[in-house]
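Per-entry structural report
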Amino acid sequence: MLSQVTSFAIDGVETRRVTVEADIRLGLPAFNVVGLADKSVREARERVRAAITNSGFEFPQKRITVNLAPAYLRKEGPHFDLTLAIAVLAASGQIESDRLRDCAVAGELALDGTLRAIRGALALAEGARHHGLGRLLLPSARAREAALVPDLEVLGVTTLQHAVEVLRGSAPTPELPDAPLGAAGDRDDFDLADVRGHNGLVAQIEVAVAGGHHLFLQGPPGTGKTMIARRLPTLLPPLSESEAVEVTKIHSIVGLHQGDGLVGERPFRSPHHLISPSGLVGGGATPRPGEITLAHRGVLFLDELSEFNRAALEALRQPLEDGRVVVVRAQRVLTFPTGCMLVAASNPCPCGDGGDRCRCSAPELARHQRRLSGPLLDRIDISVTVPRPTAAKLRDERAPTSAEVRARVAAARARQVLRLRGTPATCNAHMTAAMLRELAQITPSARRRLFELHDSEGLSARGHHRVLRVARTIADLQESREVGPEHVQAALILRTDAAPAALAA
Amino acid sequence: MIDTCADCLRRTELIAWLAGRIEHEWRLRCGRPQLLALPDTELLRWAKDPDAERRYSAFAAGFAIDRLVATGLGAVCRCSPAYPAGLRELCDPPAVIHIAGDPALLAADGVALVGARNPTPYGLEIARALGRALGAAGVTVVSGMAMGVDSAAHAGALEAGRTVAVLATGADRPYPARARTLHRRIAETGCVVSELPPGFAPRRWAFPARNRLIAALSAGTVVVEGGERSGSLITADFAAELGRFVGAVPGPVTSRMSAGPHALLKAGAEVIRSAEDTLDLLHGAGAAGGLGVADPVVVGKGPRALAPRPEPAPPPPDLPPGLRRLLDEVERGRGSLAELVSDPERGFAVSRDLGELELRGLIRRVSGGRYIRSADAA
């Protein structure tokens, strides 16, 4: 007898439909899985055999062949366990085949037949709806997450036996477990108000967050660069529902998301500086999203920028510009979203003290400078110096709360969205030179101001545009329709350009 | 111009052949080898190098001259009347001086500006400003083209006047390699010199040896920044030995980079606060006023070339009070926004005003995103 059950393979952050066919015929008892299944899927045979027997069903003592179609697609992951088990039960007549027609099945089996949570439930649910399937059968621990997809009946089950009963119609359709949707999330852990002695930086950070500009923090160790960076996600407006779905889907696939509902907080990722290029942008034999994708819609923090492998930093350039990264492997091409805010931090020199107290030799300094002035820094609009706060500042200064800043940022973002309607850009940082010219409303006197600086010290064309983009954000924060000379002036102090190379040499 | 005798050329080549041997000796004794003062025969006896002896006796001046011609360098030996007079005062004057550029600049009437290879932004700023102001006043700036203060002094001088670089490698060989552009620009408008033959690779002993030439080719030496054991102090010692003036630029007493100049000041060096102080030393007190207003046609750089002023320049009278207060703060070393602002609401206003001051040329952005008072405000 023959049966067919639908499931999905996870390919990068997308899903591909997989049809699991089971055929049972007379012959020596055997259980073969074909169709480019990887190790974890072939191991499923043992789990399926044990789970079927231990759940009180009959495991047919015949020749069983299971085929995973399409055969060119590599399938991996333990979530095919339940699919295989249901296919075998259907082929042996223990479930009626027509009950499986519009139902996708996924789940990992324990030997006693209970179901374990799987990764990527949201992605599977999206795949099911995309392919016009009406129902999705999966472990109840992930039912809540799958139910975020509308117009799909999610059947959360706890054991193989329960699954069969639900499919036969002998058990009621299971209720979704009650779990709060993790909407706004708790932001109490981190708040800008924790930062002391750096009130002068708040305005600069606010500009970076409001315009979505990548940010470079420079200062001696222990002055609070990491502390500030960690709080940046709390300054961004809350995730919108569609953004939250995107983030949840990605995090669920790599197993970062343990809760039931949507991810509520903007992601913050801070990979160690020994990370490989493919760890940062995604890749591997079976491509997996990199840190920049995990930081999608949030903040990617690179501490000790000068220590990062140069190849890894180079790899970041194109994804930062395009908002997505394309990973090409022999068999397939995958696209990962990479819409994050980059925050880089570095000591002023290798010994960290900088200025008068620096103990670095000239070549060490030169190497440090060279690493920092690479093409990645070219993509960063705003550079902020974080000095060692004085004792008085530490005692007296407390930054405003994240909520206060967030409100101003949200207002500035709203203005940007309105102005950039009809363009691919959503915030000032993404404005191209043409958009700056046509949409940014820069007054002639502001342009003149900037050209004065051009004459006095060689500001590059790229540097010119960076200053204008930042000036536009400052004007947005000041609720000004036009960019005036004062906004350009204020933007100058944030620019990334280091001291002229001839003198630093 | 090649004006050399065979003996002097042979001496120069001999030192190049023995460079490795001298390096070894230098590492053992870790001081300037007095070897350069020895006559050829004693050098050979000391070296016990049969290869060098063979080449010494087989030396043909024609080859050496051909090579000089091929590299385009000029050369003057100490037997020639054209040999720079300042060098003759040394106890061990170089046999041949190789020249790329204008030999007229070697009259030892300029000022040597030397200092650390890893200076602070303050040191860089002062070196550049002093170089520019002295250049504008028509004074030749002599330095060693090293990274840091030396390069900044050259770069400043090139903006307004002429400069001499004394190298510890062959005069045709930019060292450090990244100073390639600087080397070319100095050779075009000023002069690059070395006592070592063309193509000579860097040797550690050659740097202190080079410093004696810097001291000898200038009327006085000014040390901008340097650690306690800085090579600039060697240059200052030579200058003092030669009876030339020694000046030092003071800095914060906490700064390691100012330890060298402060030691010199303690030992009696002159305080250099501005180009004017330097010109006073060069021409006698008060003479700077007349000399400072150099003929713009001679200096050729327009109104900026006029007067080297005491630094920092006083703020222009039309500065509004708010900006003036901010400028005062930056002068006191509070040069980053974080230090200037304690009320987050004021962040925008202060950054706007900093931008205004920068556009007016009163402050300058240095590496690390800090601002310092610019030393040569127009």
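Residues numbered from 1 in each chain as written. Chains lettered and ligands numbered in written order. Predicted model: local features only at pLDDT ≥ 70, side-chain atom pairs only at ≥ 80, totals over all residues.

This brings us to the overall build of chain A. Across its full length, chain A holds 19 helices and 16 strands. Per-residue burial for chain A yields a buried fraction of 50% across its 505 residues. Partitioning the intrachain contacts of chain A with sequence separation of at least 6 by distance along the chain shows that 74% fall at a separation of at least 24. (Helix = DSSP H or I, 4+ residues; strand = E, 2+ residues; numbered from the N terminus. Buried ≥ 20, exposed ≤ 12 C-beta atoms within 10 Å, placed from the backbone. Contact = placed C-beta atoms within 7 Å.)

Residues and elements named next belong to chain B. Across its 12 residues, helix H1 (residues 6-17) extends 16 Å between first and last C-alpha, which sits within 8% of the 16 Å expected from 1.5 Å per residue. Regarding H1, the residues found buried are Cys-8, Leu-9, Arg-10, Arg-11, Thr-12, Glu-13, Leu-14 and Ile-15. Elements in contact with the buried residues of H1: helix H2 (19-29), helix H3 (40-47), helix H4 (50-57), helix H5 (61-71), strand E2 (74-77) and strand E3 (96-101). (Expected span 1.5 Å × (residues − 1).)

Moving on, we get to the domain arrangement of chain A. Residues and elements named next belong to chain A. Domain assignment breaks chain A into domain 1 (2-168), domain 2 (192-406) and domain 3 (431-505). The C-alpha-based centres of domain 2 and domain 3 are spaced at 23 Å. Each partner contributes to the interface: domain 2 provides 16 residues, whereas domain 3 provides 13 residues. Put simply, the parts of the chain that give the side of domain 2 that touches domain 3 at least two residues each are helix H6 (199-211) and strand E16 (382-385). In terms of residue count, the dominant contributor to the side of domain 2 that touches domain 3 is H6 (five residues). Looking at the side of domain 2 that touches domain 3 residue by residue, the classes come out as seven nonpolar, six polar and three charged. (Domains from an automatic or database assignment. Nonpolar A, V, L, I, M, F, W, Y, C, P; charged D, E, K, R; others polar.)

Moving on: the interface of chain B and chain A. Between chain B and chain A, the residue contacts involve 41 residues of the former and 43 residues of the latter. Only helix H7 (121-136), helix H8 (149-160), helix H17 (337-340) and helix H18 (347-359) of chain B provide two or more residues apiece to the side of chain B that touches chain A. In terms of residues, the side of chain B that touches chain A owes the most to one element, H18(B), which gives nine residues.

Proteins that are soluble and globular tend to have nonpolar side chains buried together. The biggest cluster of nonpolar side chains holds 152 residues, and the ones touching the most others in it are Ala85(A), Ile86(A), Leu124(A), Ala146(A) and Val343(A). Top element by residues in this core is helix H2 (residues 81-91) of chain A. It accounts for nine residues. Residue contacts for Leu124(A): discarding those within four places in its chain leaves Phe8(A), Thr15(A), Ala104(A), Ala106(A), Leu136(A), Leu138(A) and Ala146(A). Val96(B), Ile126(B), Ala171(B) and Ala236(B) belong to the second largest nonpolar core, which has 100 residues in total. (Core = buried A, V, L, I, M, F, W, Y, C linked by C-beta atoms within 7 Å.)

What follows concerns the pairing of strand E15 (residues 341-346) of chain A. Residues and elements named next belong to chain A. Most of E15 is tucked away: six of the six residues are buried. Judged by which residues are buried, E15 turns out to be covered on both faces: Met-341, Val-343 and Ala-345 on one side and Leu-342, Ala-344 and Ser-346 on the other are all buried. Pairing analysis gives four bridges linking strand E10 (residues 215-218) to E15, with the strands arranged parallel. Looking at E15, one finds that Phe-216 is bridged to Ala-344. (Pairing = 2+ DSSP bridges.)

Next up on the list: the sheet that holds strand E1 (residues 2-3) of chain B. All names here are of chain B. Reading across the sheet, the 10 strands line up as E1-E2-E3-E7-E6-E5-E4-E8-E9-E10 and stay open at both edges, with mixed pairing between neighbours. The outermost strands of the open sheet, each flanked by one partner alone, are E1 and strand E10 (270-271). Packed onto the sheet, H8 meets strand E4 (111-114), strand E5 (141-143) and strand E6 (163-166) and runs at close to 155° relative to E5. (Axes fitted to C-alpha atoms, helices over the stretch in contact; angles between N-to-C directions.)

This next bit is on the confidence of the model for chain A. Predicted confidence across chain A gives a mean pLDDT of 86, with 93% of residues reaching 70 or more. Long-range and interchain partners of residues 498-505 of chain A, a stretch whose pLDDT sits below 50, account for 18 contacts in this model, where long-range means more than four residues apart. (pLDDT = per-residue confidence, 0-100.)

Quick look at helix H17 (residues 461-477) of chain A now. All names here are of chain A. Compared with an ideal rise of 1.5 Å per residue, which puts 17 residues at 24 Å, H17 spans 25 Å between its outermost C-alpha atoms and is within 8% of the ideal. Of all 17 residues that make up H17, 12 are buried, and the element is covered over most of its length. Among the residues of H17, Arg-466, Val-467, Leu-468, Arg-469, Val-470, Ala-471, Arg-472, Thr-473, Ile-474, Ala-475, Asp-476 and Leu-477 are the ones counted as buried. Positive backbone phi, at 55°, marks Glu-479, one or two positions downstream of H17.

Let us now look at the packing of H6(A) against H18(B). Contact geometry for H6(A) and H18(B): axes closest at 9 Å, N-to-C directions at 85°. Taken together, the axes of H6(A) and H18(B) are roughly perpendicular relative to one another. Along its contact with H6(A), which presents Gly200(A), Val202(A), Ala203(A) and Gln204(A), the element H18(B) presents Gly347(B), Phe348(B) and Ser351(B). Split into classes, the residues belonging to the contact of H6(A) with H18(B) amount to three nonpolar, four polar and no charged. (Parallel < 35°, antiparallel > 145°, perpendicular 65-115°, else oblique.)

Here the focus is the pairing of strand E8 (residues 135-139) of chain A. All names here are of chain A. Counting buried positions over the five residues of E8 gives four, a clear majority of the element. The sheet contact formed by strand E5 (residues 103-105) and E8 spans three bridges and is parallel. In the strand pairing of E8, Val-105 is matched with Leu-137. Where E8 and strand E9 (residues 153-157) come together, five bridges link them in parallel fashion.

Attention now moves to unusual backbone geometry. In this structure, the amide linkage connecting Ala69(A) to the following residue, Pro70(A), adopts the cis form with an omega of 0°. Its place among the elements puts Pro70(A) in the loop between strand E4 (63-69) and H2. In this structure, Pro176(B) follows Tyr175(B) across a cis peptide bond, with omega equal to -5°. Tracing the chain through its elements places Pro176(B) in the loop between E6 and helix H9 (180-189). Phi at Lys48(B) takes a positive value of approximately 50°, unusual for a residue other than glycine. By secondary structure assignment, the location of Lys48(B) is in the loop between H3 and H4.

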